[in-house]
Amino acid sequence: MMSRNSMYTNPKPCKHLADYKLRHGLSGYNLLQEQIRTTPSGKSSVKNHQTEIPRCCFCNGYQKRLYLCLICSSISCSSHTLLHSQCENGHDIAVDIERSELYCVLCCDQVYDPDFDKIVMLKHLMDLPRSGNGVDVSAGRRSSKRRRLCSALELDLKKTKQLVSMRDLRAKSCYPLGLRGLNNLGSTCFMNSVLQALLHAPPFRNYFLTGQRNHEVCRKRSSDRLCLLCDIYVFFSAVFSGDRTPYSPAQLLYSWWQHSANLASYEQQDAHEFFISMLDGIHENGVKARSPIKDTGECHCVAHRVFSGQLRSDVTCMSCGYTSTTYDPFMDISLNLDTGNCPSTDLANKSLKPSDNTYVSTLLGCLDLFTKPEKLGSDQKFFCENCQERQDSVKQMSIKRLPLVLCLHIKRFEHFPVRRMSRKIDRYMQFPFCLDMNPYLSSSVVRNRFGNRMFAFEGDELDTSTEFEIFAVVTHSGTLDSGHYVTYLHLKDQWYKCDDAWITAVEEEVVRASQCYMLFYAQKMLYYKANEDLVCQPVSPRADPFLPIAGCC
Amino acid sequence: MRNSVNRPPTPDAVEDQEKEPTLQEIINIKMIESGEKEKLMELLRERLVECGWKDEMKALCRAYIKKKGTNNVTVDDLVHVITPKGRASIPDSIKTELLLRIRAFLASAAL
């Protein structure tokens, strides 16, 4: 049922544990299994059938940590475990009764054995009601993962080199390709800022630049109708042409207005709303344009291939432990700011956390908040299938599948329904340039529920990397109603500030200090490959002709 | 499997067993037997997580491990280092809440 995960390194057993395993194998663990009980919250303890309180056999104490010897089952408290080991030769390995964790008496330290953890886990799962255990025990979905990887490689930018032949003589050869100012057409900085980010999302960019979007045969254009995808293609070509004079994306704006009529005006709009609406437009246009594909449940339009991931939501009944799991797709993740506030107002030891005013919000803090188990209010009682009644429950989110490009949206507004007003939160949030999403994956989050155990899930993301590199930051300054968006792009180790038509190189400190609103991260491998090809090089006449990529349309 | 929990204690501990159990011990035992202690422990854990105490302890542990080096620290070390700080930093509101619960239990258990 559970396989070993090569990425998750098991600590080497100490000499004493290794000896014990050699002599006794799994017999001690197996005998213990029957006595393990797990609470709905996930804590596993060793409880034998006797009603008596476990006591240390030396001092009769019951207040300290108690350890059960794996060989003779005698219980010693933390002060007397050594004594027991001295009395009985070879009785070195014990189990912490309260926590079901292995302890080596001679090393005076906790030790780990995946075999032991597996047995604890199995007992826990066996005891849980029916199949609602929050563990994905389905057969490995390797084939779908491999397809995703191939899909990412299909959007390979090797073909991007073709574009270099369109180099304009006016191009500043020191700046990377694709850096071009965008004119503000009337409060359209929300659009310009997001477009700059999209221009440099590696697989998204490659899709449009390598002509996978074959606009020649676009049915809409031939009948003189608007096609959002074609307009994007034209936009990309213009920006990557090498011409450095600011470009006016008027056609694209018009196209987008047609799609999102409710947002069509010269008023200021929200960049995140524009982003979602744009992706939605691409999806709709793409789906109509292509012939129906075999329904695998995954959409193959470029927007989904690049940005879509999958979220997992677990709701656990607090009475019996039954967990209901649902999966939902996402194109981006909206995060609440972590403010470090906690319900209890007086922390006795003030020196540890001086005051809330000096707590710095971080992206990792926001992600922690996002994946934190959240108690659902008493008005949101969940109907537990096992208990057959409404119970208090705990909800926890995690990421089942990461996209190629991860867009993180910071919710910088708070609403006051009573006063019927909303306010922008200007609080600074620190964000990293390299992001490892591993702790927020479903495999990590669900694993943590079972305590400090060493094992791997069947559904672990063994193939895809969890390391991301930032390539664009959309920042906002001003208030909810009136403000200005600026995008910072990270290209070839240099940061560029894109303020509508003005592009300037800036130091990374400027970016770190900025007030981020949307963060764009690309999978590390894609990011580095994309950056290699941004160099302006003359195309060799012996270069390969453009090869169509099979199976992408 | 030999069950040695009821094994007679070694001679050293005989004196301890002959002592009368204190009131505190009686209460503790009653609470464990009735399952109330387990409930209170769960409540305590929940409260300590909510108020960020657990995270603070984790941070202290990390700092200690960083200082000593990952291979030079045992669980026992950590427990010894963290315990006094942990006990001192528990918010009063949590202490109050638990004491009230224990008092209610005593009233209901009619000791």
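Thresholds applied
Residues numbered from 1 in each chain as written. Chains lettered and ligands numbered in written order. Predicted model: local features only at pLDDT ≥ 70, side-chain atom pairs only at ≥ 80, totals over all residues. Heavy atoms only, no water. Domains from an automatic or database assignment. Contact = heavy atoms within 4.5 Å. Buried area = accessible area lost by both parts, 1.4 Å probe. Salt bridge = Lys/Arg side-chain N within 4 Å of Asp/Glu carboxyl O. Helix = DSSP H or I, 4+ residues; strand = E, 2+ residues; numbered from the N terminus. Phe/Tyr/Trp six-rings, centres within 6.5 Å; stacked < 30°, edge-to-face > 60°. Buried < 20%, exposed > 50% of the residue type's maximum accessible area, 1.4 Å probe, protein only. Axes fitted to C-alpha atoms, helices over the stretch in contact; angles between N-to-C directions. Parallel < 35°, antiparallel > 145°, perpendicular 65-115°, else oblique. Nonpolar A, V, L, I, M, F, W, Y, C, P; charged D, E, K, R; others polar. Pairing = 2+ DSSP bridges.

Engineer: I'm lost on the domain arrangement of chain A in this one. Help?
Structural biologist: Many authors give the size of an interface as the accessible area that is lost as the parts come together. Residues and elements named next belong to chain A. Looking at chain A, the domain boundaries give domain 1 (15-127) and domain 2 (179-290 + 299-339 + 360-536). The C-alpha-based centres of domain 1 and domain 2 are spaced at 47 Å. Taken together, the contact between domain 1 and domain 2 spans 16 residues of the former and 12 residues of the latter. Contact with domain 2 buries area across many residues of domain 1, yet P40, D117 and M121 alone supply 49% of it, more than any other trio. Where domain 1 meets domain 2, there are zero salt bridges. Broken down by element, the side of domain 1 that touches domain 2 gets its largest block of residues, seven residues, from helix 4 (residues 114-127).

Engineer: Which parts of the structure should I look at to understand the packing of aromatic side chains?
Structural biologist: Between two aromatic rings, the relevant description is the distance of the centres plus the angle of the planes. All names here are of chain A. This model, assessed by the stated rule, comprises 21 aromatic pairs over all chains. The interplanar angle of 15° and the centroid separation of 5.1 Å between the aromatic rings of F208 and F236 together place this pair among those described as stacked. Taken together, the positions of F208 in helix 7 (residues 202-209) and F236 in helix 9 (residues 228-239) put the pair 28 residues apart, joining distant regions of the chain. For the residue pair F208 and F236, the accessibility class agrees, reading buried in each case.

Engineer: Before we go on, may I ask you to explain the environment of A:N60 in this structure?
Structural biologist: If you trace the backbone, A:N60 turns up in the loop between strand 2 (44-46) and strand 3 (66-69). Separated by 250 residues in sequence, A:N60 and A:Q310 have C-alpha atoms that sit 53 Å apart.

Engineer: It is not clear to me how the domain arrangement of chain B should be interpreted in this structure. Could you clarify?
Structural biologist: We note that the domain assignment places domain 1 (24-51 + 92-111) and domain 2 (53-90) within chain B. Taking the mean C-alpha position of each, domain 1 of chain B and domain 2 of chain B sit 25 Å from one another.

Engineer: I'm lost on the packing of helix 2 (residues 23-34) of chain B against helix 3 (residues 36-50) of chain B in this one. Help?
Structural biologist: A pair of packed helices is captured by two measures, namely the crossing angle of their axes and the spacing between those axes. All names here are of chain B. Two elements in contact, helix 2 and helix 3, have axes whose closest approach is 4 Å; the angle formed by their N-to-C orientations is 85°. As the angle between them shows, helix 2 and helix 3 are arranged roughly perpendicular. Of helix 3, the residues touching helix 2 (which contributes N28, M31, I32 and S34) are E36, K37 and L40. Residues of the contact of helix 2 with helix 3, tallied by class, amount to three nonpolar, two polar and two charged.

Engineer: What is the right way to read the pairing of strand 22 (residues 483-491) of chain A from this model?
Structural biologist: Regular strands have side chains that alternate between both faces of the sheet. Residues and elements named next belong to chain A. Burial of strand 22 is extensive: seven of the nine residues sit out of reach of the surface. Pairing geometry for strand 21 (residues 467-478) and strand 22, over seven bridges, is antiparallel. Note that in strand 22 the partner of S477 across the bridge is H484. Counting the residues that bridge the hairpin from strand 21 to strand 22 gives four residues. Pairing between strand 22 and strand 23 (residues 494-499): five bridges, direction antiparallel. Residue pairing for strand 23: Y488 is matched across the bridge by K497.

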